[in-house]
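The primary structure of each chain is shown beneath.
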Amino acid sequence: MPPKTADLDATWTYLNSGVDHIMNNLADTDLSFTGYTSLYTTVYNYCTSTKMHGRLDGNRSGANLVGSDLYNKLSEYFILHFRGMLKKTESLSDVDLLRYYASEWDRYTTGANYLNRLFTYLNRYWVKRERDEGKKNVFQVYTLALSQWKEHFFMHIQKDNSKLAAATLRLIAQQRNGETIDQGLVKKVVDSFVSLGLDNADPNKECLDIYKDQFEAPFILATEQYYKKESETFLAENSVPDYLKKAEERLREEENRVERYLHTKTRKELISKCENVLIREHGELMWESFQNLLDFDQDEDLQRMYALLSRIPDGLEPLRKKFEGHVKQAGLAAISKLVGAAGANVDSLDPKAYVDALLEVHQKNSEIVNRSFKGEAGFAASLDKACREFVNRNAATGSSSTKSPELIAKHADMLLRKNNKMAEEDDLEGALNRVMILFKYLEDKDVFQTFYTTKLSKRLIHGVSASDESEASMISKLKEACGFEYTNKLQRMFTDMSLSKDLTDSFKDRMSQNHDDMDITFSIMVLGTNFWPLNPPPHDFVIPVEILPTYDRFQKYYQTKHSGRKLTWLWNYSKNELRTNYLNQKYILMTSSYQMAVLLQYNQNDTMSLDELVAATAISKDILVQVLAVLVKAKVLINDEADQYDLNPNFKSKKIRVNLNLPIKAEVKAESADVLKAVDEDRKYVIQATIVRIMKARKTMKNQALIQEVISQISQRFAPKIPDIKKAIETLLEKEYMERVDGSKDTFAYIA
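Note that the coordinates shown come from a computational prediction; the quantities given were computed from them, not determined experimentally.

**Q** How should unusual backbone geometry be read in this particular structure?
**A** The general pattern is negative phi for most residues beyond glycine and trans for most peptide bonds. With a phi angle near 50°, Asn 161 is a residue other than glycine that sits in the positive phi range. Here Asn 161 is to be found in the loop between helix H6 (141-159) and helix H7 (163-176). Despite not being glycine, Asp 297 shows a phi value in the positive range, around 50°. Considering the arrangement of structural elements, one finds Asp 297 in the loop between helix H12 (283-295) and helix H13 (299-309).

Written as structure tokens, this is what we have:
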């Protein structure tokens, strides 16, 4: 070990052999503790010696001054160290070159780490001071070693056609071709590219310049060329579904590649480039084959196509459009099949079959959206759009916008009636939920509402509801979908029913106290005119003397409870039970009030003409003919001569209770016409009320803006027609709810 006062040459001569051992032979023989201590002390002694040549500045300690000679010696040592290595690399290529490079890199960085600790004193004082004074090309010893490796070894190899990077890329290409390669070797080489990036301003900060320029850029380019060629070749010989599998596999491989041996920051550009080459450039082909996958329910392939195309911007939009068309077509085809050629079965269409056909298409495609397209919002919207289209316009509806809501409401009515199999199978709730799926798509929800209200009124009047729970459940579903206003009437109908029950009971109590001669069992429903879609009979009605006393007593009783209220009797909805006393077997005939009025005439007569019956009952002739037809068909009356009706003395029936109360055609037809008439009336008022509400809030508004606002507010209930809105505006101008603004043709102002 040289003395403390040794000069540079003596010091370096001693240090050189130690440095040489560390850089070349550390793997074979370790450096002894005393050897290491001697070297460390020599560096320390030299750096703290002030008897060196050169003048000392007043503000610089000796260590700071004399470090530069040692630093330069070390720099030169590294350059000499590379000479033999460079010679060796000239004869190597591919894997041999990479192996040699990686092993030398390992040996070199291990040694440099050692030296960094050995020259701690130099790093801590001289290097720090130099850098603090702005000399950015002076580094700590380990960083200096890397800088010299880059400058005098790495760049020399790269100058020869990027020999190192090219060898690495060839190895990666072999792996892509299915060969097994030494991934650890690739990782070591690639990591060295990362380590060699030096930020002069802050050597500790990661700098990817070398990695990006020397490796990443050529790697991305090679990847693009590789997959461009492969995908074109593969598609020329294979089907699109097979290509989807291939592309999916390749993308997964590249993700793994990043994990295994690339820098994580390469991921974004690499995957983006792969997506571009593997997916975007063949997008057209995928879009074209999408319909085929749908037609043959190729679920896995659909999932794969969705997953791939969702990776590129706007990749899914063409699929959504095609899917919408596919669903719409399926819906229209299902209904056309049901209706038959040239609409043969439109009038006799079974509401259940209609609803089932629509739901089947929705159900199937809804499953595709959830399973194949992960419930993605765009596909869900396409499904909704297509369903809205075919639910409202199909072979069964023709040009009518009211047919679909009518059929769906009729189906709901069937579900909610007694004796419906669904009600017995406990799946009624599920069936109602399915009705709500279609309800959501109806454009004219008000038509459904009016039909539903009419049907509900019949169920309640005739007592044929499956259960109050199911009725309440359906109303709450409608309320959730459309708000309180939509179901307000329906809820009031139930209130009326329970009030009527109480009223019947209290009337019976009163009668039992005051009249012993009440031999007629009687129950009443008093229903609010505004809430029930029921019309009084269009003709007079002669109340049979048999029930007149009960009728009068109830009228009086009701007036004492509610003076000022007027009762309108709906004989067309009332029903009765009659007991036969003229036959050996006693029967109970369940009749409508009109049938009762006819049959009671035969208490005094055995035969009556049509005109006599019209005079006795005041029922209009056209309705009476239909009433009589039912009685004749049931063989209660005999009609041997034209317009002459006799009581049948030989009437027989297997049942003791005989139901004669069947709907007559006039009633069925009238119901649909009444509903549609009611809908039109309601719409006029809804449009007017909406206009007034908007004008009240805005005060003034242009014609076009007002029409648009009305459409947007009402379209939840029905699709308003522009001529109807214009008509409503004219009506409100006449009624002076609003006025035209002077000097402006198409602006309206609200009149408070």
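Continuing now.
**Q** Looking at this structure, I do not really get the pattern of salt bridges. What am I missing?
**A** Pairs can form between side chains of opposite charge once their charged atoms are near each other. With the rule as written, the count across this model stands at 47 salt bridges. Between Arg 320 and Glu 376 there is a salt bridge whose closest N-O contact spans 2.8 Å. Of this pair, Arg 320 sits in helix H14 (residues 317-339) while Glu 376 sits in the loop between helix H15 (351-372) and helix H16 (377-392), and the two are 56 residues apart along the sequence. Through salt bridges that share partners, Glu 230, Lys 246, Arg 250 and Glu 253 make up one connected network.

**Q** Explanation requested: the packing of aromatic side chains in the structure shown.
**A** Each aromatic ring pair is summarised here by two numbers: the centre-to-centre distance and the angle between the ring planes. As enumerated under the stated definition, the model contains 42 aromatic pairs in all. Pairing Phe 78 with Tyr 108 gives two aromatic rings, centres 5.9 Å apart and planes at 65°, and the pair type is edge-to-face. With Phe 78 in helix H3 (residues 62-90) and Tyr 108 in helix H4 (residues 94-118), this residue pair connects regions lying 30 residues apart in the sequence. The burial state of Phe 78 is the same as that of Tyr 108; both residues are buried. Consider the rings of Tyr 551 and Trp 569, whose centres lie 4.7 Å apart with planes at 55°: the pair is tilted. Note that Tyr 551 is positioned in helix H23 (residues 548-561) and Trp 569 in the loop between H23 and strand S1 (575-579), a separation of 18 residues in sequence. Per residue, the accessibility class of Tyr 551 equals that of Trp 569, and both read buried. Above the face of the Tyr 114 ring, Arg 117 is positioned so that its terminal group lies 5.2 Å from the ring centre. Its guanidinium or amino end placed over the ring of Tyr 452, Arg 459 lies 5.4 Å from that ring's centre, counting from NZ or CZ.

**Q** Hey, could you run me through helix H29 (residues 722-734) in this one?
**A** In an α-helix, one turn spans 3.6 residues; hence positions three or four apart end up facing the same way. Here H29 spans 19 Å end to end across 13 residues, near enough to the 18 Å set by a 1.5 Å rise per residue. Buried within H29 we find Ile 725, Ala 728, Ile 729, Leu 732 and Leu 733. Buried positions in H29, seen along its axis, are confined to an arc of 140° and lie on one side of it. Among the exposed residues of H29, those oriented more than 90 degrees off its buried face are Pro 723, Lys 727 and Glu 734. Backbone geometry just after H29 places Glu 736 at a positive phi near 65°.

**Q** Help me understand the confidence of the model for the protein chain, please; the structure alone is not making it clear to me.
**A** Predicted coordinates in regions of low pLDDT should not be interpreted in detail. For the protein chain, mean pLDDT is 90; residues scoring 70 or higher make up 95% of the total. Scored below 50 in pLDDT, residues 53-64 shows 16 contacts in the model against residues more than four places distant or in partner chains.

**Q** What exactly am I supposed to notice about the environment of Ile 714 here?
**A** Along the chain, Ile 714 turns up in helix H28 (residues 703-714). With relative accessibility at 3%, the residue Ile 714 sits in the buried group. Each C-alpha atom of the pair Ile 714 and Asn 661 lies 41 Å from the other, and the pair is 53 residues apart in sequence.

**Q** Quick question: what am I supposed to make of the sheet that holds strand S7 (residues 700-702) here?
**A** Hydrogen bonding along the main chain pairs the strands of a sheet, whether they run parallel or antiparallel. Pairing is antiparallel in the open sheet, where three strands are placed in the order S7-S9-S8. For this open sheet the edge positions go to S7 and strand S8 (738-740), each flanked by a neighbour on one side alone. The mean angle between the axes of side-by-side strands here comes to 25°, regardless of whether they run parallel or antiparallel. Here three bridges tie S7 to strand S9 (residues 747-750), and the two strands are oriented antiparallel to one another. Across the sheet, residue Thr 700 finds its bridge partner in S9, namely Ala 749. Along the sheet face, H29 touches S8 and S9 and points at about 100° away from the line of S8.

**Q** I tried to follow the packing of helix H9 (residues 209-237) against helix H11 (residues 266-278) on my own but got confused; where do I start?
**A** Each packed pair of helices is defined by two parameters, the angle between the axes and the distance between the axes. Two elements in contact, H9 and H11, have axes separated by 9 Å at closest approach and are oriented at 20°. Classified by the angle between their axes, H9 and H11 sit roughly parallel to one another. Where H9 crosses over H11, the two elements pack in a sense that is right-handed. Contact residues: H9 offers Tyr 211, Glu 216, Phe 219, Ile 220, Thr 223, Glu 224, Tyr 227, Lys 228 and Ser 231, while H11 offers Thr 266, Glu 269, Leu 270, Lys 273, Cys 274, Val 277 and Leu 278. Here the contact of H9 with H11 is composed, by residue class, of eight nonpolar, three polar and five charged.

**Q** Looking at this structure, I do not really get helix H21 (residues 468-482). What am I missing?
**A** Spanning 15 residues, H21 covers 21 Å between terminal C-alpha atoms, matching the ideal 21 Å at 1.5 Å per step. The elements touched by buried residues of H21 are helix H19 (428-441), helix H20 (445-462) and helix H22 (484-514). In the stretch just after H21, Gly 483 is the one whose phi turns positive, near 95°.

Reading guide: rules and limits
Residues numbered from 1 in each chain as written. Predicted model: local features only at pLDDT ≥ 70, side-chain atom pairs only at ≥ 80, totals over all residues. Heavy atoms only, no water. Helix = DSSP H or I, 4+ residues; strand = E, 2+ residues; numbered from the N terminus. Salt bridge = Lys/Arg side-chain N within 4 Å of Asp/Glu carboxyl O. Phe/Tyr/Trp six-rings, centres within 6.5 Å; stacked < 30°, edge-to-face > 60°. Buried < 20%, exposed > 50% of the residue type's maximum accessible area, 1.4 Å probe, protein only. Lys NZ or Arg CZ within 6 Å of the ring centre and 35° of its normal. Expected span 1.5 Å × (residues − 1). Arc of directions from axis to C-beta. pLDDT = per-residue confidence, 0-100. Contact = heavy atoms within 4.5 Å. Pairing = 2+ DSSP bridges. Axes fitted to C-alpha atoms, helices over the stretch in contact; angles between N-to-C directions. Parallel < 35°, antiparallel > 145°, perpendicular 65-115°, else oblique. Left-handed = near helix turned anticlockwise from the far one by under 90°. Nonpolar A, V, L, I, M, F, W, Y, C, P; charged D, E, K, R; others polar.

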